[in-house]
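Structural features, examined
Below are the chains, spelled out letter by letter.
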Amino acid sequence: MIETQSVGRDITERKELEEQLAASTKEIEDLYNHAPCGYHSVGSDGIYLRINATELSWLGYQREEIIGKKHLSDFYTPEGKRQLNEQFPIFLREGEVKNLEYELIGKDGGSRYVSLSATAIKDADGNFLRSRGVMYDITERKQIEEKLHKLAQEQNAMLDNDLIAIFKIRDRTIVWKNRATAQIFGYGQGELIGKPTRALYPDDQSYQALGESAYPVLKANGTYRAQLELVRKNGEKIWVDISGALLPGDGHDSLWMMLDITEIKKQQEQIQHIAHHDILTDLPNRLLLADWLDQAIAQSGRSGHLLAVCYLDLDGFKQVNDHFGHTAGDMLLKEAAHRMQASVRSNDTVCRLGGDEFVLLLTDLKEADEHQMVLERVIAEINKPVRLNGHDEAKVTASIGITIFPSDDGNSDSLLRHADWAMYQAKKLGRNRVHLYHPDLP
């Protein structure tokens, strides 16, 4: 009979430790692979040695396509490769890089921005073995930064332009200005900073008036807008369209935008002038006459002084026009207009209705016959020959009808009709004379 003896050892505890170690290893591997960041290791040649699942998903490759085959720079843009070529030798030498930003290009051509930090693992002799790198996806942050950068550029383009002057004002003192202020107001860089805005106004009155009208509006959280005259550094006056608003804060800061509208104002004035003046003689036309006659009637009523409305027609003008032509006729009309203006007083008005018909408003007369001296000068000047060109001369006379307000107590239309009627009476009586309208006569 053969006897056998076996010896057994309880390895339960070891097995449990192995299982715990395997579980921990699996857990660590899971954390490594599925962390919300990319992990990798590369050798001294930049070839991938390890890579986690997160970074693989960013690149769009399988692990076996990367490990030992792909270089870190294979997934960078040309600019990224240039930066890596600069940084990698530094990393090998110093053993650490932090927060390097790259654009990462995946297998499908898609891109994301990452921030890379890495440390070097070296042997006992200090020789480089591999890197320990971590990447964070900063695409969303980059997109926000780009949007903010673009917005800042757009805002800067709007603020620092050459067309609209923009000032930041604190308690009516300039604390910031844009580039356009130099072009519009003629001041050099930094000249206006710290100066009171009074420097932009032609006088104290306009400066005070703007403050009184604008700042109550601003304090009520409104926007103030107006057109006013300001002054350049050299003293030249300019028109600006100005708008201001209170800035958030303690209520002392405001932002003002000013557009130079001087040329627009000039054009508006030219248009207004053309609309209210005769193109040939530059005298007030029928439209402006109606307005001024209404004002003259009102002024006469207030002052108690007399107003003479005189209707003048050039005798013989048609014959000059027919004989010498329209150009000569125009020359005659301009010269007649000039002579009439030179003959009346400074407070009188000469208007052209059209053709050879003119109206004279003689205002602020103290006596009824005070108009006679003025009209005698007018007729005397009209009677003088007019040289039309190098050798031709023409001679015309003037028939004038006149009515006196308030003896003729009518409105502007009736006064003009009565003066026109009186002018025709002057022509009937032999021309080159003045005929007075009498309200009591039929």
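Attention in this report is confined to the structure presented alongside it. Since this is a predicted model, take the numbers as computed values, not measurements. (Residues numbered from 1 in each chain as written. Predicted model: local features only at pLDDT ≥ 70, side-chain atom pairs only at ≥ 80, totals over all residues. Heavy atoms only, no water.)

1. Description of the sheet that holds strand β8 (residues 223-231)
- Read from one edge of the open sheet, five strands run β7-β6-β10-β9-β8, paired in antiparallel fashion. Each of the sheet's edge strands pairs with one partner strand only, and the pair in question is β7 (173-177) and β8. Geometrically, the sheet is characterised by an average inter-axis angle of 30° between neighbouring strands, direction not taken into account.
- Where β8 lies against strand β9 (residues 237-246), nine bridges are found, and the strand directions are antiparallel. Across the sheet, the residue bridging to Leu230 is Ile238, located in β9.
- On the sheet, helix α7 (residues 204-219) packs against β6 (164-170), β8, β9 and β10 (253-260) and is oriented at approximately 155° with respect to β8. (Pairing = 2+ DSSP bridges. Helix = DSSP H or I, 4+ residues; strand = E, 2+ residues; numbered from the N terminus. Axes fitted to C-alpha atoms, helices over the stretch in contact; angles between N-to-C directions. Contact = heavy atoms within 4.5 Å.)

2. Comments concerning the pattern of salt bridges
- The final tally for this structure, using the stated rule, is 25 salt bridges.
- The closest approach of N and O atoms between Lys98 and Glu96, which form a salt bridge, is 3.9 Å.
- Assessed through its relative accessible area of 56%, Lys98 is described here as exposed.
- Across the pair Asp348 and Arg345 runs a salt bridge, and its minimum N-O distance is 2.7 Å.
- Looking at Arg345, the relative accessible area reads 23%, which means it is partly exposed. (Salt bridge = Lys/Arg side-chain N within 4 Å of Asp/Glu carboxyl O. Buried < 20%, exposed > 50% of the residue type's maximum accessible area, 1.4 Å probe, protein only.)

3. Quick notes on unusual backbone geometry
- In this structure, the amide linkage connecting Phe405 to the following residue, Pro406, adopts the cis form with an omega of 15°.
- Structurally, Pro406 can be placed in the loop between β16 (397-405) and α13 (412-428).
- Of note in this structure, Arg172 is not a glycine but carries a positive phi near 60°.
- Relative to the assigned elements, Arg172 resides in the loop between β6 and β7.
- The exposure class assigned to Arg172 is buried, which follows from its relative accessible area of 16%.
- The backbone of Asn221 sits at a positive phi, close to 65°, despite the residue not being glycine.
- Position of Asn221 relative to the elements: it lies in the loop between α7 and β8.
- On the accessibility criterion, Asn221 (71% relative accessible area) is exposed.

4. Digging into the side chain of Asp315
- With respect to the element layout, Asp315 can be found in strand β11 (residues 306-315).
- Relative accessible area serves as the criterion here: at 5%, Asp315 is assigned to the buried category.
- A polar contact of 2.9 Å, which involves the side chain of Asp315, links it to the side chain of Ser399.
- Leave out the neighbours within four places in its chain, and Asp315 touches Val396, Thr397, Ala398, Ser399, Lys427, Arg431 and Asn432. (Polar contact = N/O pair within 3.5 Å; in protein donor to acceptor, adjacent residues only side chain to side chain.)

5. Quick word on the environment of Leu92
- Within the secondary structure layout, Leu92 lies in helix α4 (residues 78-94).
- The exposure class of Leu92 is partly exposed, given its relative accessible area of 28%.
- Sequence separation between Leu92 and His391 is 299 residues; the distance between their C-alpha atoms is 103 Å.
- Not counting the four nearest positions on each side in its chain, Leu92 is found in contact with Ser44, Lys122 and Phe128.

6. Some details on the packing of aromatic side chains
- Summed over the entire model, instances satisfying the criterion amount to 10 aromatic pairs.
- When the centroid spacing of 5.5 Å and the interplanar angle of 70° are considered together, the rings of Tyr61 and Phe75 count as edge-to-face. Taken together, the residues Tyr61 in the loop between α2 (53-59) and α3 (63-66) and Phe75 in the loop between α3 and α4 connect sequence positions 14 residues apart. Across the pair, Phe75 and Tyr61 agree in class, each one buried.
- Between Tyr201 and Tyr207 the ring centres are 5.4 Å apart and the planes differ by 75°, which places this aromatic pair in the edge-to-face class.
- A relative accessible area of 19% places Tyr207 in the buried class.
- The structure contains a cluster of three or more aromatic residues connected by ring pairs, namely Tyr48, Tyr61 and Phe75.
- Note that Arg172 overlies the ring of Tyr207, its terminal NZ or CZ placed 3.8 Å from the centroid.
- Positioned above the aromatic ring of Trp239, the side-chain terminus of Lys265 is 4.5 Å from the ring centre. (Phe/Tyr/Trp six-rings, centres within 6.5 Å; stacked < 30°, edge-to-face > 60°. Lys NZ or Arg CZ within 6 Å of the ring centre and 35° of its normal.)

7. Here's the deal with the pairing of β11
- Most of β11 is tucked away, with 10 of its 10 residues classed as buried.
- Because side chains alternate across β11, one face comprises the buried residues Leu306, Ala308, Cys310, Leu312 and Leu314, and the other comprises Leu307, Val309, Tyr311, Asp313 and Asp315, equally buried.
- In the sheet, β11 pairs with strand β13 (residues 357-365) via seven bridges, with the strands oriented antiparallel. Bridging from a neighbouring strand, Val309 pairs with Leu361 of β13.
- The pairing of β11 with β16 spans nine bridges and is classified as antiparallel. Following the sheet pairing, Tyr311 is matched in β16 by Gly401.

In short, geometric facts, not functional conclusions.
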